[in-house]
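The lines below spell out each chain.
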Amino acid sequence: MRYWSLLFLVTAALCVGSFVYAMFDPNWWLLHNVSVRSPLHFGAEIDRLTMLVLAITGAVFVLTMLALSWALWKYPASPGRVAQYSHGNHKLEIVWTLIPAVILVFLAFYQMGSWADIKFRSRRPKSAPLAQVTGRQFNWLVRYPGVDGKFGTTDDLHVINNLHIVKDQAVLIDLKSQDVLHSFFLPQIRLKQDAVPGMTIPVWFDVDTPGTYELVCAELCGWGHYKMRGLLTVHETQAEFNEWMTSALAEQNQTQPAGATAPDAQASDPATTATDPASSTVERS
Amino acid sequence: MSKKKSPASNSGPESIDLVATSHAPADPVSPGAAPTHQDHAHDHHEHPGPTNFLTRYVFATDHKVIGIQFLVSGLIFFIVGGLLALAVRWQLAWPWTRIPVLSSMMESQWQTKGQMPPEFYNKLFTMHASVMIFFVVIPILTGAFGNYLIPLMIGARDMAFPKLNMLSYWFMWPAFIVMLVSFTVPGGAAEAGWTAYPPLSVFRHSTPGSLNGQTLWLMGVLFAGVSSIMGSINYITTVLTLRAPGMKMFRMPMTVWSMFITALLQAFALPVLTSAIIMQLLDRTIGTNFFIPVGASVANEPGPVGGGQPLLFQHLFWFYSHPAVYIMILPAMGMVSDILSTFSRKPLFGYKPMVFAMAAIALLGFLVWGHHMFQSGMNPLLGATFMLSTMVIALPSAIKTFNWIGTLWGGSIQFTAAMLFATGFVAMFVIGGLSGIFMAATPIDIHIHDTYFIVGHLHYVLFGGSSFAIFAGLYYWFPKIFGRMLDERLGKIHFLLTFISFNCTFFLMHIIGLRGHPRRVANPYIYQFLDNPGVHFMNEFMTVSALLMGAAQLILIYNVLASLVAGKRAPDNPWRANTLEWATSSPPPHHNFATIPTVYHAAYEYSVPGEAEDFIPQTQPLANLAPSPALATSSHA
């Protein structure tokens, strides 16, 4: 029954076909990337690498499945047919060890530069952090240092579930958590970093288009994990951002006069952080 | 039976490896399964099995009965785990709608008119994974097939430690019980995922399942782990000391090699998991702080003293659980290798490279755990080295795949149900292996980590891989185990439906994951970028396919039950295969062999030119001057 080989062939074709279809349907495919023309353009870098690996694995997939289907088509049992007697082939073993080895090691080294740019602590922008983002079941608490540029003072601006930044500016965020693990995931920038209680993890990125983008919690954090949705608001200009900050500060002072306890002051003020070895000595030094 | 000598494998007693305990002194001139040795009275003892029902079927020390026990409990939990998965799928396709049966069952408890509460969704995927990994895939592959096949395939009467073997099965029962009971305790079953990351799993008020369910979950995994440790020690000892005369290590079938290497993995990795689990238990119960940092707390409670490190648990957990990934695939690879060779009527292509590839996977398997933690906050420098080791571990898998295709190439392929599932395994493992490269590449992983891409990947390996191999093994060894043939036609229909619905269920997960669909969310449509017709369609399509896949398994259940009662009686060697288990009756007698067989060559002498039959059992010398299979790849290339 050589026709079984068609099942494998058709399945392979449909797998490839579904990827090809997806690329032409914006409802299926990768989200519009908004980290492409900005100076850091991490999103473009990751999409480029994804497409490269997709092309290589796709080619290997097609060739392997063709070989498998061909073998099933060509060599079904039939009366009188005798299988070849072979225990293997040394040269073939060497060939199909070396070629994938070269490809895999190439892929590993080829990706290292991008990985270093996006995550190595030594590559982070030298500017001061724009904001602290702290995960807490099931919200993202955003804290700006305010006029004095220092976190943990009374002029800090507290925002819930909305991180405001300026277009094309490389922003540095201090990522924290007060309770359990969370993960800071911006699908349109292709950026993800877990937030770990007890650690302050620097995260940096930039965005090339003003607008509002969704911030996903990507690490299971409890019963309400699914609704831990935040937003990233990107302003066109610094002036627009300043305007927003002034009005937000004014609003905060109205509802909560300066000096009152901030909503999330418990774990993220410097006094606590200083006793916290992970954040104070490793990350900030 | 010819007595012409084959110089390479049968030139005299010195060519026969006697490292094994010599039940039967080697006698190469009168080989064979037939009880013709009048001089070895020892081997003609009758070995009657226990007659008492309890000692025979319940507290049995016979490896075959224990294997069947693992198989039956594993298949029952397969159904449980599958149903949990269907409820997960239902919620993803049609969030918060009433689920057939489940909603009516839980109505009084949920008090939500049949809507699933979000924490119940978290319980579903947590328990689905835990049941499938700890109660189904590992116990069926190593516990059922390993137990049943190792002594038979190496020509031993039983395991080295039969009582330990019994204990390893009965340690599963406390695990079964606490896991099932955990659904009924206040707060319900665990919901921290099968990875049980602290602090979510440690703070009792972080989520309902962490109140009590998590403690029971930890105890369940602890018992299952202890069971596996006992099994692995037994398998290692058995393979090293109880091989029949002539059964050199490099004459063992791939199934035995894979079980042996898997047992080594378990013996080295499980103690680490056990200690991590105990530390988490202590954190939860007596207030230690292994994993809780300073200043963390939930629900506005005063935090504990702290001083621990959440990432420590992840390191310990993955130091076990990455090797566990291989524990769940290596035995599958071994079984598939044997099945492919049998039904291609062709020697396994590259036997030694296959063995070395497996050993390489096992060794490298201990050096790649960090690839689960690229985005965890672990120093990114480490991510770079783990990326390299992870890329390298893809290599032995690639070698194995090419060798499987090489085995088919030029064969005389018989499309039995077992063969179809084994071929399906190869095809699905190609997809699962290639999709792994995306996650191994750290920059790409930044985007797809914790999305449905990884869910697709792991199901291609664990369902398309391990579970297809379980099905293949079931169709292949069922006649040996139960003495009855399964219905082949039903088996092929089962394969066809399972293969199609499996791909329809899991392939689109890669695409939906690339889009950014996170895993473990009760309602993805909270996010606008997912609340569109494309994502809705894909999720609904996957759910319908999953339901069909579940329904297709009814065919297997029917086939197994009907064949047990009224299947055709199985001959000793229905597939005309070489390995030793086929040299005894179906099912084998209490102590497996009337006479301990003598082994003359490796397991893969199919279609040897000049032989009358296209297979030569390992108990039968080669008639012609065929090259010694053990040396084949070096001398015959």
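Since the structure is predicted, the reported quantities are computational estimates derived from the model, not experimental observations.

Calculation rules
- Residues numbered from 1 in each chain as written.
- Chains lettered and ligands numbered in written order.
- Predicted model: local features only at pLDDT ≥ 70, side-chain atom pairs only at ≥ 80, totals over all residues.
- Heavy atoms only, no water.
- Domains from an automatic or database assignment.
- Buried area = accessible area lost by both parts, 1.4 Å probe.
- Salt bridge = Lys/Arg side-chain N within 4 Å of Asp/Glu carboxyl O.
- Polar contact = N/O pair within 3.5 Å; in protein donor to acceptor, adjacent residues only side chain to side chain.
- Helix = DSSP H or I, 4+ residues; strand = E, 2+ residues; numbered from the N terminus.
- Nonpolar A, V, L, I, M, F, W, Y, C, P; charged D, E, K, R; others polar.
- Contact = heavy atoms within 4.5 Å.
- Pairing = 2+ DSSP bridges.
- Axes fitted to C-alpha atoms, helices over the stretch in contact; angles between N-to-C directions.
- Buried < 20%, exposed > 50% of the residue type's maximum accessible area, 1.4 Å probe, protein only.
- Expected span 1.5 Å × (residues − 1).
- Bend = angle between axes of the 7 residues up to and from the residue.
- Phe/Tyr/Trp six-rings, centres within 6.5 Å; stacked < 30°, edge-to-face > 60°.
- Lys NZ or Arg CZ within 6 Å of the ring centre and 35° of its normal.
- Parallel < 35°, antiparallel > 145°, perpendicular 65-115°, else oblique.
- Left-handed = near helix turned anticlockwise from the far one by under 90°.

J.: What should I look at first to understand the domain arrangement of chain B in this one?
T.: Residues and elements named next belong to chain B. Domain parsing of chain B yields domain 1 (62-291 + 307-321) and domain 2 (329-570). Between the C-alpha centres of domain 1 and domain 2 the distance comes to 19 Å. Between domain 1 and domain 2, a total of about 4,600 Å² is buried, with carbon and sulfur atoms accounting for 77% of that surface. Among the residues of domain 1 in contact with domain 2, Arg 89, Phe 250 and Met 254 are the three that bury the most area, contributing 16% of the side total. Summed over the shared surface of domain 1 and domain 2, the result is 0 salt bridges. Inspection of the region where domain 1 meets domain 2 yields 12 residue pairs in polar contact (both at pLDDT 80 or more). Here the side of domain 1 that touches domain 2 takes 13 residues from helix α5 (residues 118-154), the largest share from any one element. Among the residues making up the side of domain 1 that touches domain 2, the classes are represented as 37 nonpolar, 11 polar and 2 charged.

J.: Which parts of the structure should I look at to understand the domain arrangement of chain A?
T.: All names here are of chain A. Taken as a whole, chain A is organised into domain 1 (4-75 + 89-122) and domain 2 (127-283). The partner domain 2 presents 19 residues to the 21 residues of domain 1 that form the contact. In total, domain 1 and domain 2 occlude about 1,700 Å² of area from one another, counting both sides; carbon and sulfur atoms represent 52% of this. Scanning the region where domain 1 abuts domain 2 turns up 2 salt bridges. Where Asp 208 meets Arg 37, a salt bridge forms, and the shortest distance between an N and an O atom there is 3.9 Å. Put simply, domain 1 and domain 2 have 13 residue pairs in polar contact (both at pLDDT 80 or more) between them. Those elements that place two or more of their residues in the side of domain 1 that touches domain 2 are α2 (42-74) and α3 (90-119). Ranked by residue count, the leading element in the side of domain 1 that touches domain 2 is α2, at 4 residues. Its residues assigned to classes, the side of domain 1 that touches domain 2 comprises 10 nonpolar, 6 polar and 5 charged.

J.: For this particular structure, what's the right way to read the sheet that holds strand β10 (residues 229-235) of chain A?
T.: Think of a sheet as strands paired side by side through backbone hydrogen bonds, with each pair either parallel or antiparallel. All names here are of chain A. The strand order β4-β10-β9-β6-β7 describes an open sheet built from 5 strands, whose pairing is mixed. One side of each edge strand has no neighbouring strand; the edge strands of this open sheet are β4 (162-166) and β7 (191-195). When the angles between neighbouring strand axes are averaged without regard to direction, this sheet yields 25 degrees. The pairing of β4 with β10 spans 5 bridges and is classified as parallel. When the sheet's bridge partners are listed, Ile 165 is paired in β10 with Val 234. Sheet contacts for helix α4 (residues 238-255): β4 and β10; angle to β4, the most-contacted strand, approximately 145 degrees.

J.: Looking at this structure, I do not really get the interface of chain B and chain A. What am I missing?
T.: Where interface size is quoted, it is often the accessible area lost as the parts come together. Tallying the contact residues gives 128 residues for chain B and 98 residues for chain A. Between chain B and chain A the total buried area reaches about 9,500 Å² when both faces are included, carbon and sulfur atoms providing 73% of it. Inspection of the chain B/chain A interface yields 28 residue pairs in polar contact (both at pLDDT 80 or more). Sorting elements by how many residues they give to the side of chain B that touches chain A places helix α13 (residues 380-408) of chain B first, with 16 residues. Taken together, the residues of the side of chain B that touches chain A sort by class into 79 nonpolar, 38 polar and 11 charged.

J.: Just checking my understanding: could you explain the environment of B:Leu141 for this structure?
T.: All names here are of chain B. Mapping Leu 141 onto the fold places it in helix α5. With relative accessibility at 0%, the residue Leu 141 sits in the buried group. Residues Leu 141 and Pro 331, spaced 190 residues apart in sequence, show a C-alpha to C-alpha distance of 6.2 Å.

J.: I tried to follow the environment of A:Ser78 on my own but got confused; where do I start?
T.: Residue and element names in this part refer to chain A. Note on placement: Ser 78 falls in the loop between α2 and α3. By relative accessible area, Ser 78 is classed as partly exposed at 38%. Along the primary structure Ser 78 and Thr 134 are separated by 56 residues, whereas in three dimensions their C-alpha atoms are 68 Å apart.

J.: Help me understand α3(A), please; the structure alone is not making it clear to me.
T.: Side chains of residues three or four places apart in an α-helix project in the same direction, reflecting 3.6 residues per turn. Residue and element names in this part refer to chain A. With 30 residues, α3 should cover 44 Å at 1.5 Å per step; its first-to-last C-alpha distance of 42 Å lies within 8% of that length. Largest kink in α3: about 30 degrees, centred on Met 112. Its side-chain oxygen 2.9 Å from the backbone nitrogen of Lys 91, Asn 89 forms the N-cap of α3.

J.: Where do I start with the sheet that holds strand β8 (residues 201-205) of chain A in this structure?
T.: Residues and elements named next belong to chain A. If you trace the 5 strands from one edge of the open sheet to the other, you get β3-β2-β1-β5-β8, paired in mixed fashion. This sheet does not close on itself; its edge strands, each paired only once, are β3 (157-160) and β8. The sheet shows a mean angle of 25 degrees between the axes of neighbouring strands, taken without regard to direction. α4 rests against β2 (139-144) and β3 of the sheet, and its axis sits at about 95 degrees to β3.

J.: What is the right way to read the pairing of strand β5 (residues 171-177) of chain A from this model?
T.: Side chains on a regular strand alternate between the two faces of the sheet. Residues and elements named next belong to chain A. Burial analysis of β5 places 7 of its 7 residues in the buried class, the great majority of the element. Burial along β5 is two-sided: Val 171, Ile 173, Leu 175 and Ser 177 and Leu 172, Asp 174 and Lys 176, pointing in opposite directions, are all buried. When strand β1 (residues 131-136) meets β5, the two strands line up parallel, connected through 5 bridges. Bridged to Gln 132 within β5 is Asp 174. Alignment of β5 against β8, held across 5 bridges, turns out to be antiparallel. Residue pairing for β8: Leu 172 is matched across the bridge by Trp 204.

J.: Could you clarify how one ought to interpret the packing of aromatic side chains in this entry?
T.: Each pair of aromatic rings is reported with the distance of its centres and the angle of its planes. Taken as a whole and assessed by the stated rule, the structure comprises 76 aromatic pairs over all chains. Consider the rings of B:Phe317 and B:Trp318, whose centres lie 5.0 Å apart with planes at 85 degrees: the pair is edge-to-face. Between B:Phe421 and B:Tyr475, the ring centres sit 5.7 Å apart and the planes meet at 10 degrees, which makes this aromatic pair stacked. Placement of B:Phe421 in helix α14 (residues 417-440) and of B:Tyr475 in helix α16 (residues 452-482) is noted, with a sequence separation of 54 residues between them. A relative accessible area of 1% places B:Tyr475 in the buried class. In this arrangement the basic side chain of A:Arg2 is found over the ring face of A:Trp73, its NZ or CZ atom lying 4.6 Å from the centre.

J.: Would you mind going over the packing of helix α7 (residues 172-181) of chain B against helix α8 (residues 213-241) of chain B with me for this structure?
T.: Relative orientation and spacing of two packed helices are given, respectively, by the angle between their axes and the distance between those axes. Residue and element names in this part refer to chain B. At a minimum axis separation of 8 Å, α7 and α8 run at an interaxial angle of 160 degrees. If you check the angle between α7 and α8, you find them roughly antiparallel. Judged by the twist between their axes, the crossing of α7 over α8 is left-handed. Taking contact as the criterion, the partners of Met 172, Pro 174, Ala 175, Val 178, Met 179 and Val 181 in α7 are, on α8, Leu 216, Trp 217, Met 219, Gly 220, Val 221, Phe 223, Ala 224 and Ser 227. Residue classes in the contact of α7 with α8 are distributed as 12 nonpolar, 2 polar and no charged.

J.: I would appreciate a short explanation of unusual backbone geometry in the present structure.
T.: Peptide bonds are trans in most cases, and residues, glycine excluded, mostly fall at negative phi. Residues and elements named next belong to chain B. Geometrically, the link from Pro 198 to Pro 199 is a cis peptide bond, its omega value of 0 degrees lying close to zero. Tracing the chain through its elements places Pro 199 in the loop between α7 and α8. Cis geometry is found at the peptide bond from Ser 586 to Pro 587, where omega equals -10 degrees. Even without being glycine, Lys 113 reaches a positive phi, approximately 55 degrees. Following the sequence through the fold, Lys 113 ends up in the loop between α4 (102-110) and α5. Even without glycine at this site, Ala 299 takes up a positive phi of about 55 degrees.

J.: In this structure, what is going on with the side chain of A:Ser69? I would like to understand it.
T.: Residues and elements named next belong to chain A. With respect to the element layout, Ser 69 can be found in helix α2. The exposure class assigned to Ser 69 is buried, which follows from its relative accessible area of 4%. With sequence-adjacent residues up to four places away left out, Ser 69 is seen in contact with Ser 5, Phe 8 and Leu 9.

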